Amino acid sequence: MRDFLQRFFGGDLWWSFRSSPMVIVAAITTFVMIFSSAFANIVAPYDIFDLTQFNLMDSLKPPVWMERGEVGFLLGTDDQGRDVLSTILYGSRISLLVGFFSVISAMVLGIIIGLIAGYSGGWVDAVLMRIADVQLSFPAILIALLVNGIISGLLPGEAQADLAIYVLIVAISLSFWVQYARTVRSSTMVERTKEYVQAAQVIGLPQPLILLRHILPNVMGPVLVIATIQLALAIITEATLSFLGVGVPPTSPSLGTLIRIGNDYLFSGEWWITVFPGLALVILVLAVNILGDWLRDALNPKLR
Amino acid sequence: MLFFIGRRLYQAALVMLTVALIAFAMFQYVGDPVSNLAGQDTTVAERELLKERLGLNDSVLEQFSRFVINAVQGEFGVSYRMRVPVRDLIAERFPATLELSMMSAFLALLVGIPMGVYTALNRDSWLSRSFMTLSLIGISLPTFLIGIFLILFFGVILQWLPTFGRGEVVDLGWWSTGMLTGSGWRSMIMPAITLAVFQMTLIVRLIRAEMLEVLRTDYIKFARARGLSERSISFSHALKNTLVPVITIIGLQIGSLIAFAIITESVFQWPGMGLLFIQAIGEVDIPIMSAYLLLIGFVFVVINLIVDILYYTIDPRLRVEK
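On a predicted model such as this, the values are computed, not experimentally measured, just so you know.

Trainee: So, the overall build of chain A: which residues are in play, and what are the values?
Mentor: Across its full length, chain A holds 12 helices and zero strands. Helices and strands in chain A line up, N terminus first, as α-α-α-α-α-α-α-α-α-α-α-α. Taking the principal axes of the C-alpha coordinates as reference, chain A spans close to 75 × 50 × 30 Å. Counting only residues that meet the buried cut, chain A has 51% of its 304 residues in that class. Partitioning the contacts of chain A with sequence separation of at least 6, the portion at a separation of at least 24 is 69%. In the structure as shown, chain A presents an accessible area of about 14,600 Å², 67% of it carried by carbon and sulfur atoms.

Trainee: Now, about the overall build of chain B: what can you tell me, with residues and values included?
Mentor: Summing up its helical and strand segments, chain B has 13 helices and two strands in all. Across its three principal directions, the C-alpha atoms of chain B cover 85 × 60 × 35 Å. By sequence separation, contacts in chain B at least 24 residues apart represent 71% of the contacts at least 6 residues apart. For chain B, the exposed area adds up to about 16,300 Å²; of that, 67% sits on carbon and sulfur atoms. In chain B, 25 positive and 24 negative side-chain charges are present, and the distance between their average locations comes to 13 Å.

Trainee: Can you tell me about the packing of aromatic side chains, naming the residues and giving the values?
Mentor: Centre distance and the angle of the planes are the two values used to describe a pair of aromatic rings. On inspection of all chains with the given rule, the structure shows 11 aromatic pairs over all chains. Taking the centre distance of 4.9 Å and the plane angle of 50° together, the rings of Phe-35 of chain A and Phe-39 of chain A count as tilted. By relative accessible area, which is 43% here, Phe-35 of chain A ends up partly exposed. Overall, Phe-39 of chain A belongs to the partly exposed group, its relative accessible area being 39%. Where Phe-198 of chain B meets Phe-260 of chain B, the ring centres are 5.7 Å apart and the plane angle is 35°; that geometry is what we call tilted. Here Phe-198 of chain B is found in helix α8 (residues 182-215), whereas its partner Phe-260 of chain B is found in helix α10 (residues 230-268), with 62 residues between them in sequence.

Trainee: Give a detailed account of the domain arrangement of chain B, specifying residues and quantitative values.
Mentor: All names here are of chain B. Domain annotation of chain B identifies domain 1 (2-72) and domain 2 (94-318). The gap between the C-alpha centroids of domain 1 and domain 2 is 34 Å. Of the roughly 1,300 Å² buried between domain 1 and domain 2 on both sides combined, carbon and sulfur atoms contribute 90%. Among the residues domain 1 hides against domain 2, the three largest losses belong to Phe-4, Met-16 and Met-26. Together they make up 37% of the total. Between domain 1 and domain 2 we count zero salt bridges in total. Counting the contacts that link domain 1 with domain 2 gives zero residue pairs in polar contact (both at pLDDT 80 or more).

Trainee: Give me the lowdown on the interface of chain B and chain A, citing residues and values where you can.
Mentor: With 40 residues of chain B in contact, the opposing surface of chain A contributes 35 residues. Each partner contributes to the roughly 3,300 Å² buried at the junction of chain B and chain A, and carbon and sulfur atoms together form 86% of this total. When residues of chain B are sorted by the area they lose upon contact with chain A, Ser-140, Phe-144 and Ile-148 of chain B head the list and together hold 16% of the total. Inspection of the region where chain B meets chain A yields one salt bridge. Residue Asp-293 of chain A pairs with Arg-205 of chain B through a salt bridge whose shortest N-O separation is 3.8 Å. When residues of the side of chain B that touches chain A are traced back to their parent elements, those giving at least two are α1 (2-29), α6 (126-140), α7 (143-157), α10, α11 (273-282) and α12 (286-314) of chain B. A breakdown of the residues in the side of chain B that touches chain A according to their chemical character gives 32 nonpolar, seven polar and one charged.

Trainee: So what's going on with the confidence of the model for chain A? Residues and values would help.
Mentor: Within chain A, residue pLDDT values average 83, and 95% of them lie at 70 or more. Element-level pLDDT for chain A is lowest in helix α1 (residues 2-10) of chain A, with a mean of 69, against a maximum mean of 91 in helix α5 (residues 84-120) of chain A.

Trainee: Got a sec to walk through the nonpolar core? Specific residues and values, please.
Mentor: In terms of nonpolar packing, the biggest core is built from 131 residues, with Leu-145 and Leu-281 of chain A together with Phe-144, Phe-277 and Leu-294 of chain B touching the most fellow members. Among the elements that make up this core, the one with the highest residue count is helix α10 (residues 207-243) of chain A (16 residues). Counting the residues that make up this core, at least three belong to each of domain 1 (2-72) and domain 2 (94-318) of chain B. Discounting residues that sit within four places of it in the chain, Leu-281 of chain A has contacts with Ile-235, Ala-239, Leu-255 and Ile-259 of chain A together with Pro-142, Phe-144 and Leu-145 of chain B. Grouped together as the second largest cluster of nonpolar side chains are 18 residues, Val-117, Ala-120, Ile-203 and Leu-212 of chain B included.

Trainee: Kindly report on the environment of Val-214 of chain B, identifying the contributing residues and their values.
Mentor: Secondary-structure assignment places Val-214 of chain B in helix α8. Separated by 29 residues in the primary sequence, Val-214 of chain B and Trp-185 of chain B have C-alpha atoms spaced 39 Å apart.

Trainee: How would you sum up the packing of α5 of chain A against α10 of chain A? Please name residues and give values.
Mentor: Residues and elements named next belong to chain A. As a packed pair, α5 and α10 sit with axes 7 Å apart at the nearest point and diverge in direction by 145°. Handedness of the crossing formed by α5 with α10: right-handed. Residues of the contact of α5 with α10, tallied by class, amount to 19 nonpolar, four polar and one charged.

Trainee: Any details on helix α5 (residues 86-121) of chain B? Residues and values, ideally.
Mentor: With 36 residues, α5 of chain B extends 50 Å from end C-alpha to end C-alpha; this agrees with the ideal 52 Å at 1.5 Å per step. Of all the bends found along α5 of chain B, the most pronounced is centred on Arg-93 of chain B and spans about 35°, while Pro-95 of chain B, a proline, follows it within four residues.

Trainee: Explain empty space enclosed by the protein to me, and be specific about the residues and the numbers.
Mentor: Residue and element names in this part refer to chain B. Under the criterion given, the structure shown has two cavities of 30 Å³ or more. Here the largest cavity defines a volume of roughly 60 Å³. Lining of the largest cavity is provided by Ala-105, Ala-108, Leu-109, Gln-199, Ile-203, Ile-250, Gln-253, Ile-254 and Leu-257. If you list the elements that add at least two residues to the lining of the largest cavity, you get α5, α8 and α10. Tallied by class, the residues present in the lining of the largest cavity amount to seven nonpolar, two polar and no charged.

Trainee: Explain the packing of helix α9 (residues 218-225) of chain B against α10 of chain B to me, and be specific about the residues and the numbers.
Mentor: Residues and elements named next belong to chain B. Between α9 and α10, whose axes approach to 10 Å, the crossing angle comes to 160°. Relative to α10, the element α9 lies roughly antiparallel. In this structure, α9 meets α10 at a crossing whose hand is right-handed. Here Tyr-219, Ile-220, Ala-223 and Arg-224 of α9 come into contact with α10, specifically with Glu-230, Ile-233, His-237, Ala-238 and Asn-241. Considered class by class, the residues forming the contact of α9 with α10 number five nonpolar, two polar and two charged.

Trainee: For the environment of Ala-225 of chain B, give the residues involved together with the corresponding values.
Mentor: You can see Ala-225 of chain B is positioned in helix α9. In this structure the C-alpha to C-alpha distance between Ala-225 of chain B and Gly-282 of chain B, which are 57 residues apart in sequence, comes to 63 Å.

Trainee: Would you mind going over a nonpolar patch on the surface in detail, with residue names and values included?
Mentor: Residues and elements named next belong to chain A. A contiguous nonpolar patch, built from Ile-34, Leu-97, Phe-100, Phe-101, Ile-104, Val-108, Ile-112 and Ile-116 and spanning about 650 Å² of accessible area, is present on the exposed surface. With seven residues, the single largest contributor to the nonpolar patch is α5. Considering the arrangement of structural elements, one finds Ile-112 in helix α5.

What counts, and where the lines are drawn
- Residues numbered from 1 in each chain as written.
- Chains lettered and ligands numbered in written order.
- Predicted model: local features only at pLDDT ≥ 70, side-chain atom pairs only at ≥ 80, totals over all residues.
- Heavy atoms only, no water.
- Helix = DSSP H or I, 4+ residues; strand = E, 2+ residues; numbered from the N terminus.
- Buried < 20%, exposed > 50% of the residue type's maximum accessible area, 1.4 Å probe, protein only.
- Contact = heavy atoms within 4.5 Å.
- Areas by Shrake-Rupley, 256 points an atom, 1.4 Å probe, with all protein chains shown as cover.
- Lys, Arg positive; Asp, Glu negative; His and termini not counted.
- Charge placed at Lys NZ, Arg CZ, Asp CG, Glu CD.
- Phe/Tyr/Trp six-rings, centres within 6.5 Å; stacked < 30°, edge-to-face > 60°.
- Domains from an automatic or database assignment.
- Buried area = accessible area lost by both parts, 1.4 Å probe.
- Salt bridge = Lys/Arg side-chain N within 4 Å of Asp/Glu carboxyl O.
- Polar contact = N/O pair within 3.5 Å; in protein donor to acceptor, adjacent residues only side chain to side chain.
- Nonpolar A, V, L, I, M, F, W, Y, C, P; charged D, E, K, R; others polar.
- pLDDT = per-residue confidence, 0-100.
- Core = buried A, V, L, I, M, F, W, Y, C linked by side-chain atoms within 4.5 Å.
- Axes fitted to C-alpha atoms, helices over the stretch in contact; angles between N-to-C directions.
- Left-handed = near helix turned anticlockwise from the far one by under 90°.
- Expected span 1.5 Å × (residues − 1).
- Bend = angle between axes of the 7 residues up to and from the residue.
- 1 Å grid on protein atoms, 1.4 Å probe; cavity = no way out; pocket = protein on both sides within 12 Å on 5 of 7 lines; lining within 4 Å.
- Points joined across faces, edges and corners; volume = space filled by probe spheres on them.
- Parallel < 35°, antiparallel > 145°, perpendicular 65-115°, else oblique.
- Patch = residues over 30% accessible without salt bridge, like charges linked within 9 Å, V, L, I, M, F, W, Y side chains within 5 Å.

Here it is in structure tokens:
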């Protein structure tokens, strides 16, 4: 462990991290947002799921620095009298959760398909890559919308709201797996012919073991970079779907749902219900994007 | 050349068949068409009759081939909710979406290409640095938020521009256009910008990356050695070669513009196909969903095909091998 830390802090990655202030700010922002939303029940001033903690009488209060603003509600309240800051903290939690889990499941799916396609070759490879081609010619958001629509159509009405988050994760990961699959496939095809894989084949290891224990660790590098960049995309996709009203229900709002709720009040002058969740979303995505960009450049030996 | 086009056509047909299969499967397995079309108090016998008339008792293969034949003729069935043929609904909405997407594509190219070229040629100037930062923000801003912020500033606070709809529309018989009235143009501004921002940032980054790559090549060094002016090197040597891959991406982006129009249209209540589609998803109106899917699939396939052929004609290197 000490060895690892020493290598990390002495290495190029740490140096390039330390020497760009924008990346440091982005990293701190990301960390703060993840931390504060993970512990939203401690950090947030109010619990938005506890009906006793908000009151319809408090609804549509502006932020504290405006006229009619109240000290208790730093960023104002929404139409149900919920504190906007608290809804943002709880909302980011759902946005981040959906983002993380969709990226992870897309990654697992993509890696499995990529490994199989790259290792077996032949018609298996041809069929899988044709499917990937077809999917890649459509934008991810359209596929997510469609998958989401189909699954919700198949579910009975009462289950829809409960399962909405899982449906969303499935929909987003089904629209994002292709990139991983393609990357893993091409590196697997290179690794397959190397001597260590041949050695593993010769001593008679079963195929799944060769794929997971020997090839996988060698193709993971680029996959992690894609994952960082796609985390931002997944968060945007979730927000967009929720904004369009096909994502998570208003009872457990994500940032997108909050923006959707606030959008109805934009014209009557209650801008804070939309603008603050919107800003939170932009800051989160921007920070993750900056980190992803940096990671991609720092790990790419061609750019040094 | 013929072989190349033939192979591309075969691939395009394969994609279309896959899309048709998905659209057909939606009809088969999501919701029950009979209970969607029949009223509350239809008898079992009437339902059976309806089922027979819709051909739901035939084999799956027969139903699929009928579905494809109907779709090719532009026959997508009747909307479950609105009880109107889907073909009429789409014909009514299509002009709005097309005008919006074309306008944004034009806007994105008009601003994106010069910005990309500038940032590549003057890599370290403060202006290109701020362009690059702006483009990172542009990628991080979800489309719907750009729309909301525009509405807030120019619609609600300043009250300069209309915030929903197409404004006054002139009906040309088979095409309804907003491009002939002042209010049509004014209504177009915010949706078009909203839709264009993401494409624009993409174009800026792409052109910059490609241009930097080209500027490193030997023939640019050679052109410098020959004493050509910087202007002629950047525009007639470098930019020309940059445009080849850019055409591909831009072609593909036109397709995604139509898809992203779903978001823009629902923010601005723009009466296009995207709004129709998103409402159909909410109501599980399968005929509209599958018709939209088929249509978008078709547009994508056609654009891909055109781009491939263009690529082939522009880049002579592709023709030499084989």
